[in-house]
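Below are the chains, spelled out letter by letter.
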Amino acid sequence: MTTALLSVSDKTGIVDFARALHGLGVKLLSTGGTAKLLAESGLPVTEVAEVTGFPEMLDGRVKTLHPRIHGGLLARRDVPAHMAALAEHGIGTIDLLVVNLYPFAQATAKADCTLADAIENIDIGGPAMLRAAAKNWTDVAVVIDPADYERVLAELAAGATTRSTRFMLAKKVYAHTAAYDGMITNYLTALEPGVEDALEAVPAKTEYPAVFNLQLTRTQALRYGENPHQSAAFYRDAKPAEGTLSGWTQLQGKELSYNNIADSDAAWECVKTFDVPACVIVKHANPCGVAIGADCAEAYAKAFKTDPTSAFGGIIAFNRELDEAAAQLVVKQFVEVLIAPKISAAARAVFAGKQNVRLLEVPLARAMNTLDFKRVGGGVLLQSQDAKNVEPGELRVVTTLAPTPAQMEDLLFAWKVAKFVKSNAIVFCGGGMTLGVGAGQMSRVDSARIAGIKAGNAGLTLDGSAVASDAFFPFRDGLDVVVDAGATCVIQPGGSMRDQEVIDAANERGIAMVLTGTRHFRH
C-alpha cells in the first residue's frame, strides 16, 4: 500500500489513524477540512487539488470527481491495459480510501433545516468514490466506519490487508450508500407539493413518504420460523430505539427462536409501562398474568396466580433487577425466556442448573419503535406505535356511581394490561394483578366469558373486580356478562352509537364506568 485518500465528515480517530498510516510509509491525500486538520496535526498531506490540477469548485460541490481520483481507485492492478492507461496519463493508484458522508440525517433532524440546507447536505463525490473503491475491492481497501481503523492498521502492520477484510469493507460500503440514498429518498418524497418554490424555508412534510426505505441488519439466523417448516432470521434496526428488545444481552440458554423473540417483545413492551415493580407472563403473544408488587418476588407470585396453566412454558419479564428471592420462585416453573434490566449474580446462580432457560438482560427505557409494520400480500402496512397511555385526568365518569380511589387504581392497571392483549380483549383485575384474561376472540362477549372461565379455573374470585375492554361495548350483553361475573367497575373507550344504552345498563346494575376516549385494538 502506497497511497491513501482520507476525506471524512466524522473526524473520530482520523488523526491517529492517519499518523499510523504515515508511520507505515503511506502517502496521505485529503480534501478540505480533513486536509486542514491533518496538516495542523503535523502530518504531511497532499491536497486532492494538487493531484487533479483543479481547485475545489462550486463551493466544494466538485473536488474529487476527476479521472486522476477515480482512475486511481478503479484501475485493476491485474489488468495490464488498466495499468498502462494509468502510466500513460500519469495517474497514481489509490490503495486505501477513507470516507464518510455529509451528515444528511443530522442536518435534516434540526427543526430549522431548510430545503436548501438539506440539498447541500447531499453528498455526491463521497458516494461516487466509495462505490468505485468498493467495486475494486480486490485491490483497494475502503473504510467508512472509524470502528474498522484498528483492524485495518493491524493488518497493514502485518504486511497487507487481507482479501476477506477488503471484501467485508466493500459490503459495508454498499450497505452504507444504500442506506444513505434511502434516507434522502424518505426525506424528499415526504415533502409536500410546492416546497420546491421556497428553498430557504423549512419545508412542510407528510407523515409518511411516498417511497419508504428501511435498512435492517441480520443479527441471528434462527433454526426455523413460527413453525418448523418455515425458515427465519432476526434483523435489527440500524439505530434501535433505546430500551427496545433488540438490545438484549443473552446470559445463558439455548438460542432464541422466532416465537421466543416475538413473545419476549410482547412481554417486555408491557412490563416497561409500569413505574412500580411489575411482572408480565406472556404465552402465545398474550399476557396470561400481570401483576405489580413491593418487589419482583411478590409481583411474580401474583402474576403466576392468574393462570398457572397458561404460564407453563411462558415468557416472563420484570422491570426491576431480578434478585435471588424472585429467581427461587420462578425456577420452580417451566419457563422459556426470562427478561429483566439486570439479573443478579445470585439469581443467575439459581438458574445455573437449568442451562436451557434463556436469561436476557435488556436496558430499561420507555422508548418504543417509532413505526409498526405488518406484512400483507404484496405490500406492507405502516403505522405509528400505540404509545398512548391514558392519564387519570383524561378519564370521564359516565355513571351515577363514581369509582373509589382503590377502584380507579385497579381500572388504570387493567387498562394498561388490555393494551397488550390481542383483540377482542377483556381483562379482569383487582389488587394490582390480573384475575382473568379473555383474548383474541371474534366476539367481545366470548372474550368476557373466557376471562371469567380462566379466573374460575385458577380458583380466583371476580367479586369486586375491575374490568377493562380494549374497545367499546357494542351492546349491553358484554357488560352484563362481566357484571354477572362479579365486576363492580368498568373502563372502556366509548364511542359506540349505543353508548347510552351501555351506560344505562351500568347504572341499572349499580356499577361505575369510566370512558378513556382511546381504543387499543391489537391484531
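Predicted, not measured: the structure shown is a model, and the values here were computed from it. (Residues numbered from 1 in each chain as written. Predicted model: local features only at pLDDT ≥ 70, side-chain atom pairs only at ≥ 80, totals over all residues. Heavy atoms only, no water.)

### Examining the packing of aromatic side chains
For the record, the criterion: Pairing of aromatic rings covers Phe, Tyr and Trp, the last counted by its six-membered ring, and requires centre-to-centre distances within 6.5 Å; plane angles under 30 degrees mean stacked, over 60 mean edge-to-face, and any other angle means tilted. Counting from the N terminus, the helices are the DSSP runs of H or I reaching at least four residues and the strands are the DSSP runs of E reaching at least two.
A complete count under the given rule lists eight aromatic pairs for this structure. When the ring of Trp 137 is compared with that of Phe 167, the centres are 4.6 Å apart and the planes differ by 45°; the resulting orientation is tilted. With Trp 137 in the loop between α8 (125-135) and β5 (141-143) and Phe 167 in helix α10 (residues 163-188), this pair connects stretches of sequence that are 30 residues apart. Where Phe 274 meets Phe 413, the ring centres are 5.5 Å apart and the plane angle is 40°; that geometry is what we call tilted.

### Side note on the sheet that holds strand β9 (residues 278-283)
To be explicit about the condition: For two strands to be treated as a pair, DSSP must find no fewer than two bridges joining them. Each axis is a line fitted through C-alpha atoms, and for a helix only the stretch in contact is used; angles between axes span 0 to 180 degrees, taken between their N-to-C directions. Only heavy atoms matter for contacts: two residues are in contact if any of them lie within 4.5 Å across the pair.
In space, the six strands of this open sheet follow the order β8-β13-β12-β11-β9-β10, with mixed pairing throughout. A strand with exactly one partner marks an edge of an open sheet, and here the two such strands are β8 (249-252) and β10 (286-292). Going from strand to strand, the sheet's axes swing by 20° on average, the running direction of each strand aside. Contacting β9, β10 and β11 (314-318), helix α12 (residues 296-306) runs over the sheet at an angle of about 140° to β10.

### A word on the packing of helix α4 (residues 67-74) against α8
We count it as follows: For classification, angles of less than 35 degrees are called roughly parallel, those exceeding 145 degrees roughly antiparallel, those between 65 and 115 degrees roughly perpendicular, and all remaining angles oblique. Each residue gets one of three labels, nonpolar for Ala, Val, Leu, Ile, Met, Phe, Trp, Tyr, Cys and Pro, charged for Asp, Glu, Lys and Arg, and polar for the others, Gly among them.
Orientation of α4 relative to α8, taken along the N-to-C sense of each, is 25°, at an axis distance of 8 Å. By the angle class used here, α4 and α8 are roughly parallel. Across the interface between the two elements, Ile 69, His 70, Leu 73 and Leu 74 of α4 pack against Ala 128, Met 129, Ala 132, Ala 133 and Lys 135 of α8. Class assignment for the residues of the contact of α4 with α8 results in seven nonpolar, one polar and one charged.

### Focus: the side chain of Thr 306
To keep things clear, this is the line we draw: Remark: exposure states derive from per-residue accessible area (1.4 Å probe, protein chains only) relative to the maximum for the residue type, with buried under 20%, exposed over 50%, and partly exposed in between. Whenever two N or O atoms come within 3.5 Å, that pair is a polar contact, provided that in protein one can donate a hydrogen and the other can accept it, and provided that, for residues adjacent in sequence, both atoms are side-chain atoms.
Within the fold, Thr 306 resides in helix α12. Using a relative accessible area of 2% as the deciding quantity, one classes Thr 306 as buried. A polar contact of 2.5 Å, which involves the side chain of Thr 306, links it to the backbone oxygen of Thr 434. In this structure, Thr 306 is in contact with Cys 288, Gly 289, Val 290, Met 433, Thr 434, Leu 435, Gly 436, Lys 454, Ala 458 and Leu 460, ignoring residues within four places of it in sequence.

### As for a nonpolar patch on the surface
This is how it is decided: Excluding any residue in a salt bridge, patches collect residues exceeding 30% relative accessible area, merging like charges within 9 Å and nonpolar Val, Leu, Ile, Met, Phe, Trp and Tyr side chains within 5 Å. All accessibility values rest on the Shrake-Rupley procedure with a 1.4 Å probe; residue burial counts only the protein chains present in the view. We define a salt bridge as a side-chain nitrogen of Lys or Arg found within 4 Å of a carboxyl oxygen belonging to Asp or Glu.
On the surface, Phe 212, Leu 214, Leu 216, Tyr 235, Phe 373 and Val 380 cluster together into a nonpolar patch covering about 520 Å² of accessible area. For Tyr 235, the location among the structural elements is in strand β7 (residues 232-237).

### Observations concerning the environment of Leu 188
Within the secondary structure layout, Leu 188 lies in helix α10. We classify Leu 188 as partly exposed; its relative accessible area is 34%. Residues contacting Leu 188, with those up to four places away along its chain left out, are Leu 115 and Ile 119.

### Remarks on the nonpolar core
To be explicit about the condition: Each nonpolar core is a collection of buried residues, namely Ala, Val, Leu, Ile, Met, Phe, Trp, Tyr and Cys, held together in the definition by side-chain atoms within 4.5 Å. Residue ranges for the domains trace back to a domain assignment, done automatically or taken from a database.
Core analysis: the largest hydrophobic core is formed by 52 residues, its most contacted members being Phe 318, Phe 351, Leu 479 and Val 482. Here this core gathers at least three residues from each of two domains, domain 2 (248-361) and domain 3 (392-515). Once you skip the residues sitting within four places of it in the chain, Phe 351 turns out to touch Gln 252, Ala 327, Val 330, Val 331, Val 335, Leu 338, Val 357 and Leu 359. Formed by 44 residues, the second largest nonpolar core is a distinct cluster that contains Leu 245, Ile 315, Val 421 and Ala 466.

### Focus on the UniProt feature "domain: MGS-like" (unreviewed entry) in the chain
Note the cut-off: UniProt positions are given in the numbering used here, feature names are shortened, and annotations may be inferred rather than shown by experiment.
Mapped onto this numbering, the UniProt entry annotates "domain: MGS-like" (unreviewed entry) at residues 1-144. For residues 1-144, the end-to-end C-alpha separation is 18 Å, with 44% helix and 14% strand making up the annotated structure.

### Examining unusual backbone geometry
In this structure, the amide linkage connecting Ser 423 to the following residue, Asn 424, adopts the cis form with an omega of -5°. In this structure, His 284 takes a positive phi of about 50° despite not being glycine. Within the secondary structure layout, His 284 lies in the loop between β9 and β10. Under the relative-accessibility criterion, His 284 is labelled exposed at 66%. For Ala 285, which is not glycine, the phi torsion reads 75° and is therefore positive. As for its placement among the helices and strands, Ala 285 is situated in the loop between β9 and β10.

### A word on the sheet that holds strand β4 (residues 96-100)
By definition, the strands of a sheet pair up through backbone hydrogen bonds, in either a parallel or an antiparallel sense. The five strands lie next to each other as β3-β2-β1-β4-β5, forming an open sheet whose pairing is parallel. The outermost strands of the open sheet, each flanked by one partner alone, are β3 (46-47) and β5.

### Topic: helix α1 (residues 14-23)
Definition in use: The arc refers to the directions leading from the helix axis to the C-beta atoms.
When α1 is considered as a whole, its buried residues turn out to be Ile 14, Val 15, Phe 17, Ala 18 and Leu 21. Projected down its long axis, α1 carries its buried residues within an arc of 160°, all on one side. Seen from the open side of α1, the exposed residues pointing more than 90 degrees away from its buried face are Asp 16 and Gly 23. Those residues of α1 that are buried are in contact with β1 (3-8), β2 (27-30), α2 (32-40), β4 and α9 (149-158).

### Topic: the pairing of strand β19 (residues 465-469)
Cut-off, in case you're wondering: Seen with its strands pointing away from the viewer, a crossover is right-handed when the path leading from the first strand over the helix to the second is clockwise.
Summarising burial for β19: five of the five residues are buried, a large majority. Side chains of β19 alternate between two faces, with Ser 465, Val 467 and Ser 469 and Ala 466 and Ala 468 buried alike. Pairing of strand β17 (residues 426-429) with β19, which is carried by four bridges, proceeds in the antiparallel orientation. Its bridge partner being in β19, Phe 428 is matched across the sheet by Val 467. Where β19 and strand β20 (residues 487-492) come together, four bridges link them in parallel fashion. Bridge pairing in β20 links Ala 466 to Cys 489. Following the backbone out of β19, through helix α18 (residues 476-485) and into the adjacent parallel β20, one traces a crossover that is right-handed.

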